[in-house]
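Reading the structure
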Amino acid sequence: MSVGAESERFVFSQETYDRAKEIIARYPADRSRSALLPMLHLVQSEEGYVSPAGVEFCAEQLGLNKAQVGAVATFYTMYKRRPTGDYLVSVCTNTMCNVLGGQEVYDALAEHLGVGHEETTADGKITLEHAECLAACDYGPVMTVNYDFFDGVDPDTAQGVVDELRAGGRPMPTRGARLCTLKEMALQLAGFADTREGAVADGPAGDPTLRGLRLAQQHGIAVAGFDPETPLRRKDAEPATPATAPASGEARKAEAAGVAANRPASDAKPAGDSAVEQERSLKEAQK
């Protein structure tokens, strides 16, 4: 097993090698580099971040060079380039959440935990980061723990979540499944199912998400002619035939000739211009 100098500090398990082969097999042989994203999640699931050894592992398995792998690993924020805690706590400080108090939540957590952006507590439990957007503006201020949502947080509720995590508990997110560690989450992102009991959860959308729909129903607002029972056309179905097909070049010529022949006498051009007009009409018809 070739691991390289950097990898001597961390040798990946045989299970990770087996999973890497399984990931690569999901893609056509001539497109194996498409497996890079899940492969990076895979190495993060074992180390807790994408280390130089992890970059080398991915390059070795996919036939890439380390610069190609590193370019991808540094582009996406979900790939961490230094050791990360068991629980990644992300607080949205983008416009909407910020207006609603997101920055205050982040500042309170930073002071409470004694860490700053992308820093980890001494016990290795919590890594804190501010996030640009968590795609849940209607629930702001929003915080996620390993990408599971805690909606409408304030400094007190946010501190309660991290205190429970540091005490060994796993508070229930507002929406979604039970919390798991960052390594467990990375394995899921690599494409491997979470087999824990209660790991998969489903439920209705929350009130803020449905508010617009309910207001529309209350006021009788609907798209004209919309029928929710209309079946969607399959991708492999024959495309619909246009009501009017575009005319061919020959058809356009004939149409132009017909228009000229039926032009009223009052529209007639002076005799000296007739040749020029006919030539212009012919060129227009040939376009």
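Residues numbered from 1 in each chain as written. Predicted model: local features only at pLDDT ≥ 70, side-chain atom pairs only at ≥ 80, totals over all residues. Heavy atoms only, no water.

Things to note about the environment of V200
Heads up, the rule is: By definition, any uninterrupted DSSP run of H or I lasting at least four residues is a helix, any uninterrupted run of E lasting at least two residues is a strand, and each is numbered from the N terminus. Burial classes follow relative accessibility: with a 1.4 Å probe on protein chains only, a residue under 20% of its type's maximum area counts as buried, one over 50% as exposed, and anything between as partly exposed.
Here V200 lies in the loop between α9 (182-189) and α10 (207-218). According to the relative accessible area criterion, V200 is exposed, its value standing at 74%. In sequence terms V200 and A177 are 23 residues apart; their C-alpha atoms lie 5.3 Å from each other.

Some details on the sheet that holds strand β1 (residues 87-92)
Formally: A pair of strands counts as paired when DSSP detects no fewer than two bridges linking them.
Taken together, the five strands give an open sheet; going across it, the order is β2-β3-β1-β4-β5, and neighbouring strands pair in mixed fashion. This sheet does not close on itself; its edge strands, each paired only once, are β2 (119-120) and β5 (148-150). With six bridges joining them, β1 and strand β3 (residues 126-131) adopt parallel strand pairing. Bridge pairing in β3 places L88 opposite T127.

Thoughts on helix α3 (residues 36-47)
Stated precisely, the cut-off is as follows: Expected span, for any helix, means 1.5 Å times one less than how many residues it has. Contact criterion: two residues are considered in contact whenever any of their non-hydrogen atoms come within 4.5 Å of each other.
With twelve residues, α3 should cover 16 Å at 1.5 Å per step; its first-to-last C-alpha distance of 17 Å lies within 8% of that length. Among the twelve residues in α3, eleven count as buried, and that is most of the element. Among the residues of α3, L36, P38, M39, L40, H41, L42, V43, Q44, S45, E46 and E47 are the ones counted as buried. Contacts from the buried residues of α3 go to α2 (14-24), α4 (52-62), α5 (66-75) and α9. Trailing α3 by a residue or two, G48 shows a phi angle of about 90°, which is positive.

Let's talk about the pairing of β3
Of all six residues in β3, five are buried, a share of seventy percent or more. Taken together, the two bridges between β2 and β3 define a ladder with antiparallel strand orientation. Within β3, the position partnered with E119 by the bridge is L128. A loop of five residues connects β2 with β3, the two strands running antiparallel in sequence, and G124 in this loop sits at a positive phi of about 75°.

A few points about the environment of D194
Rule in force here: Here a polar contact is recorded for every N or O atom pair within 3.5 Å, except that within protein the pair must consist of a potential hydrogen donor and a potential acceptor, and residues adjacent in sequence are included only if both atoms are side-chain atoms.
For D194, the position within the fold is in the loop between α9 and α10. What D194 contacts, discounting residues up to four positions off in sequence, is Q188 and A199. Among the polar contacts listed, one links the side chain of D194 to the side chain of Q188, at a separation of 3.0 Å.

Here we look at the pattern of salt bridges
Worth spelling out the cut-off: Throughout this description, the term salt bridge denotes a Lys or Arg side-chain nitrogen within 4 Å of a carboxyl oxygen of Asp or Glu.
According to the stated counting rule, one finds seven salt bridges in the structure shown. E129 is the salt-bridge partner of K80, the closest N and O atoms lying 3.0 Å from each other. Taken together, the positions of K80 in the loop between α5 and β1 and E129 in strand β3 put the pair 49 residues apart, joining distant regions of the chain. Taken individually, K80 and E129 each receive the classification buried, so the pair is uniform in this respect. Across the pair R166 and D123 runs a salt bridge, and its minimum N-O distance is 3.1 Å. Linking R166 in helix α8 (residues 155-166) with D123 in the loop between β2 and β3, this pair joins segments that are 43 residues apart in sequence.

A short note on the confidence of the model for the protein
To be explicit about the condition: As a per-residue measure, pLDDT tells how confident the predictor is, with possible values from 0 to 100.
Here the protein shows a mean pLDDT of 83. Residues at 70 or above account for 76%. Predicted confidence is poor over residues 1-7, with pLDDT under 50, and the contacts of this stretch with residues over four places away or in other chains come to 15 contacts. Across residues 265-272 the pLDDT falls below 50, and counting only partners more than four positions away or on other chains, this stretch makes one contact in the model.

A closer look at the pairing of β1
Most of β1 is tucked away, with six of its six residues classed as buried. In β1, alternate side chains face the same way, and those of Y87, V89 and V91 on one face and L88, S90 and C92 on the other are all buried. Sheet topology places β1 next to strand β4 (residues 143-145); three bridges connect them, and they run antiparallel. Looking across to β4, one finds that V91 is bridged to M143.

Some points on the packing of aromatic side chains
Rules: Within 6.5 Å between ring centres, the rings of Phe, Tyr and Trp (the latter by its six-membered ring) count as paired, and their orientation is classed by plane angle as stacked under 30 degrees, edge-to-face over 60, tilted in between. Here, over-ring charges are defined by two tests on the NZ atom of lysine or the CZ atom of arginine: distance to the ring centre within 6 Å, and angle to the ring normal within 35 degrees.
Applying the stated criterion to the full structure yields four aromatic pairs. An angle of 85° between the planes, with centres 4.9 Å apart, marks the rings of F75 and Y76 as edge-to-face. Using a relative accessible area of 61% as the deciding quantity, one classes F75 as exposed. Look at Y76 and you get partly exposed, because its relative accessible area is 40%. Among the aromatic residues, those joined into a cluster by ring pairs are F12, Y17 and F57. In this arrangement the basic side chain of R26 is found over the ring face of F192, its NZ or CZ atom lying 5.0 Å from the centre. Geometry around F149 places R175 over its ring, the cationic atom sitting 4.4 Å from the centre.

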